[in-house]
Amino acid sequence: MDPILIVALVVGLALFFDFTNGFHDTANSSATAIATGALKPKTAVLIAAIMNFVGAFLSTAVAKAISVSLINEGIDIGPELVFAGLTGAILWNLTTWLLGLPSSSSHALFGGLVGAALAFAGVAAINFPAVLEKVVFPALFAPVIAGLAAFLATRIAYLMTARSQSSRKATGIGTGRSNFKVGQVFTSSLVALSHGTNDAQKTMGVITLVLVAAGLQPTGDHVEWWVIISAATAIAVGTYMGGWRIIKTMGSGLAEIKPAQGLAAEVATASTILASSNLGFALSTTQVASGGVMGAGLGRKGGAVRWNKAGQVVTGWLFTLPAAGAVGALSAFLVMSGPFGIIADLILVVSVSIAIFQISRRNRINHSNVLSEVEGASEVIASPRQVRKAAAEAKKKASKKVTAKKAPKKSAATKSKGGK
Amino acid sequence: MINWNSLILVAIVAIGSSVGLVTVFSLGMRLLTNAQNINQHTKKKDGVKVSEAINRIGAYLMFTICGSAVLYGIYLIVPYFHLDK
């Protein structure tokens, strides 16, 4: 097969993976902000998308794919291997999205590449200590660290605002704790920004790797501008589309989250990601965010984690590497059979993706119904000003209806009156 | 094989900074609430005004600390600022 053609296919597939990565991980930064009502669903994903886009440009350091170190030196990571690995990662991301499971996109990518390398070169291709060190152990510790941080932070937040809360109740003025929502806007943005710098880099690394392998770029020490722009765009579009099923799981499925908890969870997520990426310990953004939500859920008195759902999520994490690896390996066998294998594989991936999207339409979850059960809870914690505003709006609507019935042509005049 | 030192370091830094930040933010919120309560529920005398101002200034100081922490986070994210590490 024409090498340029296969490189083009891999780049396209890598950008599609980037897209699924974006919409899979929207939940990490926006779920708790949506759940507490700090941000409206559409606003939250828009902010996350912009932050992801900006984040992708911020880091101009070389996008080194960690996946390379999982595969032993001497194994030729050509476009075909990356092609097979990407299919595993994409299909796993789409499957977990359909099930509403927050799973790590990085692990899916590692799994796919490791599986493909196994199929290409056998067991000797895999650097098992590196797999343990970079994937398995971090997966065990990420949720624990973030969970503990969020748990303690939630406790502190409730402790610190305890008296002011009771005094406010006595005076009959709204509840002070809903002010935590203001802080949430900033923390969720920071989480999205750090996600953008991390995850867009992954796709840039994969594309650069393939360009170098195909001899279209001399060395891997710079990233082409079109790679940066297209990776940033793909992840931002994916983020804006929003994996609403996963947002629902993280925002309301794992635990019921109130503003103080939401802030604690997001601060814990942001600081854990920042600490690990600066101190050289690779943690998955998704696992950190899920752990933060669970810790915050436990931290509030009367709050509870839905262990049933949490168990499902953790099971998903355990299966990420082997499942994406299995698809990657199968895909690699197809690819190895020649050009027809590659085309067959591509058709297979596209048709399975379309099938998953079709299945998802049976019970659509989007910005309008994502957290319908949580909306009831957020009404209780609404500030009096919001309640008054809502009441005034309802009144306005009712009066408009009446005037519209009486004199439909004068509606312009009443509008300007109402505008005063 | 597993780098326990960096794991423990990550855990300490992550837990410490989240607890610290949330403490400061909550303190700021509480001071702000105090200031509002003083403003609305006590008669305006000079001493009251001063204590309201102290609470309010304290609150803004706390929020400033939180804001700088967020800026520091952005500084950490952008490698351009510390390339010569």
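All values derive from a computational prediction rather than experimental measurement.

## Section: the overall build of chain B
On a plain count of helices and strands, chain B comes out with 2 helices and 0 strands. Counting every position in chain B, which comprises 85 residues, the buried fraction comes to 41%. Here the analysis covers contacts within chain B between residues at least 6 apart in sequence; of these, 59% occur between residues at least 24 apart. Accessible area for chain B stands at about 5,100 Å²; split by element, carbon and sulfur atoms hold 69% of it.

## Quick notes on the overall build of chain A
A tally of regular secondary structure across chain A gives 17 helices and 0 strands. Here chain A holds 420 residues, and 53% of them are scored as buried. Taking all contacts inside chain A whose residues are at least 6 apart in sequence as the whole, residues at least 24 apart take part in 86%. Approximately 18,100 Å² of chain A is accessible, and the part contributed by carbon and sulfur atoms is 66%.

## Concerning the UniProt feature "transmembrane region" (unreviewed entry) in chain A
As annotated by UniProt and renumbered to match this structure, "transmembrane region" (unreviewed entry) occupies residues 45-69, 81-101, 107-128, 135-158, 225-247, 314-334 and 340-359 of chain A. Secondary structure across residues 225-247 of chain A comprises 91% helix and 0% strand; the distance between its end C-alpha atoms is 32 Å.

## Quick notes on the nonpolar core
One finds Leu86, Met204 and Ile247 of chain A to be the most contacted residues of the largest nonpolar core, which totals 84 residues. Setting aside its immediate chain neighbours within four residues, Leu86 of chain A contacts Val10, Leu13, Ala14, Phe17, Leu109 and Val206 of chain A. Ranked by size, the runner-up nonpolar core spans 19 residues in total, among them Val191 and Val288 of chain A together with Ala11 and Ile77 of chain B.

## Things to note about the interface of chain A and chain B
Taken together, the contact between chain A and chain B spans 47 residues of the former and 35 residues of the latter. Between chain A and chain B the total buried area reaches about 3,600 Å² when both faces are included, carbon and sulfur atoms providing 78% of it. Contact with chain B buries area across many residues of chain A, yet Met160, Leu279 and Phe281 of chain A alone supply 16% of it, more than any other trio. Inspection of the chain A/chain B interface yields 0 salt bridges. Elements supplying a minimum of two residues to the side of chain A that touches chain B: helix 6 (128-160), helix 7 (162-171), helix 8 (180-213) and helix 11 (259-279) of chain A. For the side of chain A that touches chain B, the element with the highest residue contribution is helix 6 of chain A, accounting for 14 residues. Residues of the side of chain A that touches chain B, tallied by class, amount to 28 nonpolar, 15 polar and 4 charged.

## Re the confidence of the model for chain B
Mean pLDDT over chain B: 84, with 89% of residues reaching 70 or higher. Scoring the predicted complex yields pTM 0.82 and, for the interface, ipTM 0.89.

## Re the side chain of Thr320 of chain A
Residue and element names in this part refer to chain A. The residue Thr320 is located in helix 13 (residues 307-336) in this model. Only 3.3 Å separates the side chain of Thr320 from the side chain of Trp92, close enough to count as a polar contact. One polar contact links the side chain of Thr320 to the main-chain carbonyl oxygen of Gly316, over a distance of 2.8 Å. Residues within four places of Thr320 in sequence aside, it is in contact with Trp92, Ser103, Ser104, His107, Ala108 and Gly325.

## A closer look at the UniProt feature "transmembrane region" (unreviewed entry) in chain B
Residues and elements named next belong to chain B. Summarizing the sequence annotation, UniProt attributes the feature "transmembrane region" (unreviewed entry) to residues 6-32 and 53-78 in the numbering used throughout. The distance separating the terminal C-alpha atoms of residues 6-32 is 38 Å; by composition the span is 100% helix and 0% strand. Here residues 53-78 is 96% helix and 0% strand, with 37 Å between the C-alpha atoms at its ends.

## Structural notes on helix 4 (residues 79-99) of chain A
Residue and element names in this part refer to chain A. With 21 residues, helix 4 should cover 30 Å at 1.5 Å per step; its first-to-last C-alpha distance of 30 Å lies within 8% of that length. Of all 21 residues in helix 4, 17 are buried; the element is thus mostly enclosed. In the segment just after helix 4, Gly100 is the residue with positive phi, at about 70°.

## Comments concerning the packing of aromatic side chains
Scanning all chains against the criterion turns up 9 aromatic pairs over all chains. Ring centres of Trp97 of chain A and Phe357 of chain A lie 5.3 Å apart, and the angle between their planes is 50°; this geometry places the pair in the tilted category. In this pair, Trp97 of chain A sits in helix 4 while Phe357 of chain A sits in helix 14 (residues 339-360), placing the two residues 260 residues apart along the sequence. Measuring from centroid to centroid gives 5.8 Å for Phe180 of chain A and Phe25 of chain B, while their planes differ by 35°, and the two rings are tilted.

## So, a nonpolar patch on the surface
Residues and elements named next belong to chain A. The grouping of Phe53, Phe57, Trp225, Trp226 and Ile229 at the surface amounts to a nonpolar patch, some 490 Å² of accessible area in total. Of all the secondary structure elements, the ones that give two or more residues to the nonpolar patch are helix 2 (41-58) and helix 9 (225-241). Summarising the element assignment, Ile229 is placed in helix 9.

## Re the environment of Val313 of chain A
Among the secondary structure elements, Val313 of chain A is positioned in helix 13. A sequence separation of 212 residues divides Val313 of chain A from Leu101 of chain A, and the C-alpha atoms of the two residues are 5.7 Å apart.

## Topic: the packing of helix 5 (residues 105-121) of chain A against helix 13 of chain A
Packed helix pairs are characterised by how far apart their axes lie and by the angle those axes make with each other. All names here are of chain A. Look at helix 5 against helix 13: their axes get within 6 Å of each other, and the N-to-C directions meet at 45°. Taken as axis vectors, helix 5 and helix 13 run oblique relative to one another. As for how helix 5 packs across helix 13, the hand of that crossing is right-handed. Along the contact surface, helix 5 presents His107, Ala108, Phe110, Gly111, Gly112, Gly115, Ala116, Ala119 and Phe120, while helix 13 presents Thr320, Leu321, Ala324, Gly325, Gly328, Ala329, Ala332, Phe333 and Met336. Across the contact of helix 5 with helix 13, the residue classes tally to 11 nonpolar, 7 polar and no charged.

## Observations concerning the pattern of salt bridges
Under the criterion given, the structure shown has 2 salt bridges over all chains. The partner of Lys202 of chain A in a salt bridge is Asp199 of chain A, and the shortest N-O contact between them spans 3.3 Å. Here Asp199 of chain A and Lys202 of chain A lie together in helix 8, a separation of 3 residues that amounts to about one turn. Asp199 of chain A carries the same exposure label as Lys202 of chain A, and that label is buried. Salt-bridge contacts for Glu52 of chain B lead to Arg56 of chain B; the nearest nitrogen and oxygen are separated by 3.5 Å. Here Glu52 of chain B pairs with Arg56 of chain B, and both are found in helix 2 (residues 46-77), just 4 residues apart, close to one helical turn.

About the cut-offs
Once a new chain begins, its residue numbering starts again from 1 and follows that chain's sequence as written. Labels are handed out in written order, letters beginning with A for the chains and numbers beginning with 1 for the ligands. Side-chain atom pairs in this predicted model are given and counted only at pLDDT of 80 or more, local residue features only at pLDDT of at least 70, and totals for whole chains, interfaces and linings cover all residues. Remark: hydrogens and water are excluded; side-chain values derive from all non-hydrogen atoms of the structure. Per the convention used, a helix needs a DSSP run of H or I reaching at least four residues, while a strand needs a run of E reaching at least two, with both numbered from the N terminus. Each residue's exposure class comes from its accessible area (1.4 Å probe, protein chains only) as a fraction of the maximum for that residue type: buried when under 20%, exposed when over 50%, partly exposed otherwise. Whether two residues are in contact is decided by their heavy atoms: any pair within 4.5 Å suffices. For every accessible area listed, the method is Shrake-Rupley and the probe measures 1.4 Å; residues are considered covered only by the protein chains on display. UniProt positions are given in the numbering used here, feature names are shortened, and annotations may be inferred rather than shown by experiment. Take the buried residues of types Ala, Val, Leu, Ile, Met, Phe, Trp, Tyr and Cys, join any two whose side-chain atoms come within 4.5 Å, and each joined set is a nonpolar core. Buried area: the accessible surface (1.4 Å probe) lost by two parts on joining, summed over both. When a carboxyl oxygen of Asp or Glu is within 4 Å of a side-chain nitrogen of Lys or Arg, the pair counts as a salt bridge. Charged means Asp, Glu, Lys or Arg here, nonpolar means Ala, Val, Leu, Ile, Met, Phe, Trp, Tyr, Cys or Pro, and polar covers whatever is left, Gly included. Confidence scores labelled pLDDT are given residue by residue by the predictor and lie between 0 and 100. The definition of a polar contact used here is a pair of N or O atoms within 3.5 Å, where within protein one atom must be able to donate a hydrogen and the other to accept one, and adjacent residues in sequence count solely through side-chain atom pairs. Expected helix span is taken as 1.5 Å per residue step, with the number of steps being one fewer than the number of residues. Aromatic contacts are taken between Phe, Tyr and Trp rings whose centres are within 6.5 Å, Trp giving its six-membered ring; a plane angle under 30 degrees counts as stacked, one over 60 as edge-to-face, and the others as tilted. Patches here: salt-bridge-free residues with over 30% relative accessible area, like charges joined within 9 Å, nonpolar side chains (Val, Leu, Ile, Met, Phe, Trp, Tyr) joined within 5 Å. Comment: axis = line fitted to C-alpha atoms, over the contacting stretch for helices; angle = value between 0 and 180 degrees taken between N-to-C directions. Working rule for angles: under 35 degrees goes down as roughly parallel, over 145 as roughly antiparallel, 65 to 115 as roughly perpendicular, anything else as oblique. Crossing handedness is read from the near helix: turned anticlockwise from the far helix by less than a right angle, it gives a left-handed crossing, and turned clockwise, a right-handed one.

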